[in-house]
Amino acid sequence: MALLKILHYPDPRLHTVAKPVTEVTAEIRQLAADMAETMYAAPGIGLAATQIDRHIRMLVVDVSEEKNSLLTLINPRLLLKEGESVREEGCLSVPGIYDKVTRAEHIRVQATHLDGKIFELDATGLLAICIQHEIDHLDGKVFVEYLSRLKQARIKRKLTKQALEAM
Ligand code: NI
């Protein structure tokens, strides 16, 4: 197991569109395990491969309080989006920034499991929000892009300054 380095906004690599996973190999399962370890250590409730600079369509989420409900989604695809929900979101790639985003309240997603089998999952509430947020990462989109241009510029300035101070 290994902790992976998480890219921080405005790193341009966060805008890479991830490619589908063609086969669930031992290497993919190892990467999924490392991503889960990295997410729990951060701590966070979701992590997409894009965020650790691996541009394949895989994400991990666990929104449970006990941290015992890990879900790994490979090649996730939204089959259904219903309703509307506004929640404050944060992101391990945008440390210290939280803001409201509007997303679907209920989703159905199809994905491949670590055993290679395809499954469908219905999700509502925080899990639905988190899966939508992580799928956005795979499409090269960071949640701050839903905010006003003024807010985006402010966040970019703040994080660039933080990065320089950390050097
Ligand atoms: Ni994120």
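Shown above is the structure to which this text applies.
What you see is a predicted model; the values in this text were computed from it and never measured. Residue numbers run consecutively from 1 along every chain, following the written order of its sequence. Given that this is a predicted model, residues contribute local features only at a pLDDT of at least 70 and side-chain atom pairs are listed and counted only at 80 or more, while totals for whole chains, interfaces and linings are drawn from all residues. With hydrogens and water excluded, all non-hydrogen atoms of the structure serve as input to the side-chain values.

### Considerations on the overall build of the protein chain
- Per the convention used, a helix needs a DSSP run of H or I reaching at least four residues, while a strand needs a run of E reaching at least two, with both numbered from the N terminus. From N to C terminus, the protein chain includes three helices and seven strands.
- Starting at the N terminus and walking to the C terminus, you meet the elements of the protein chain as α-β-β-β-β-β-β-β-α-α.
- Restricting the calculation to C-alpha atoms gives the radius of gyration, and the globule rule supplies 2.2 Å times the number of residues raised to the power 0.38. Taken against the 2.2 N^0.38 rule, which gives 15 Å for 167 residues, the C-alpha radius of gyration of the protein chain at 15 Å falls within 12% of a compact globule.
- The dimensions of the protein chain, computed from C-alpha atoms along their principal axes, are 45 × 40 × 30 Å.
- Summary of the burial criterion: residues with accessible area below 20% of their type's maximum are buried, those above 50% are exposed, and those between are partly exposed, where the area comes from a 1.4 Å probe applied to protein chains only. A burial count over the protein chain gives 44% of its 167 residues as buried.
- Contacts are residue-level and defined by heavy atoms, with any inter-residue pair within 4.5 Å sufficient. Put simply, of all contacts in the protein chain between residues at least 6 apart along the chain, 64% involve residues at least 24 apart.
- For the protein chain, the exposed area adds up to about 9,000 Å²; of that, 53% sits on carbon and sulfur atoms.
- Computing the positive centroid from 22 side-chain charges and the negative centroid from 23, the protein chain places the two 7 Å apart. Under the convention used here, a 1.4 Å probe and the Shrake-Rupley method define accessible areas, while residue burial counts only the protein chains that appear. We treat Lys and Arg as the positive residues and Asp and Glu as the negative residues; His and chain ends play no part in the count. A single reference atom marks each charge: NZ on Lys, CZ on Arg, CG on Asp, CD on Glu.

### Some thoughts on helix α1 (residues 26-41)
- A helix is expected to span 1.5 Å multiplied by its residue count minus one. Under the 1.5 Å per step criterion, the end-to-end length of α1 is 23 Å for 16 residues, consistent within 8% with the ideal 22 Å.
- By the burial criterion, the buried members of α1 are Ile28, Leu31, Ala32, Asp34, Met35, Ala36, Thr38 and Met39.
- Lining the buried residues of α1 we find β1 (46-48), β2 (58-61) and β3 (71-82).

### Quick notes on the packing of aromatic side chains
- Put simply, two rings from Phe, Tyr or Trp (the six-membered ring, in Trp's case) pair if the centres are within 6.5 Å, and we call them stacked under 30 degrees between planes, edge-to-face over 60, tilted for the rest. For the coordinates displayed, the defined rule picks out zero aromatic pairs.
- Positioned above the aromatic ring of tyrosine 146 is the side chain of lysine 141, whose terminal nitrogen or guanidinium carbon lies 4.0 Å from the ring centre. In this scheme, the term charge over a ring applies when either NZ of a lysine or CZ of an arginine sits within 6 Å of the ring centre and within 35 degrees of the ring normal.

### Topic: the sheet that holds β1
- Paired strands, as defined in this entry, are two strands with at least two bridges between them according to DSSP. The sheet built from five strands is open, its strands ordered β1-β2-β3-β6-β7 with antiparallel pairing. Of all the strands in the sheet, just β1 and β7 (118-124) have a single pairing partner and so form its edges. Ignoring which end each strand starts from, the neighbouring axes of this sheet average 40° apart.
- In this description, a line fitted to the C-alpha atoms serves as the axis of each element, helices being fitted only across the stretch in contact, and the angle between N-to-C directions of two axes falls anywhere from 0 to 180 degrees. Against the sheet, α1 makes contact with β1, β2 and β3, and its axis sits at roughly 40° relative to β2, the strand it touches most.

### Brief notes about the side chain of histidine 137
- With respect to the helices, strands and loops of the structure, histidine 137 is situated in helix α2 (residues 125-138).
- Judged by its relative accessible area of 0%, histidine 137 falls in the buried class.
- Dropping the residues within four chain positions of it, histidine 137 is found in contact with Leu14, Thr16, Ala48, Thr50, Gln51 and Cys91.

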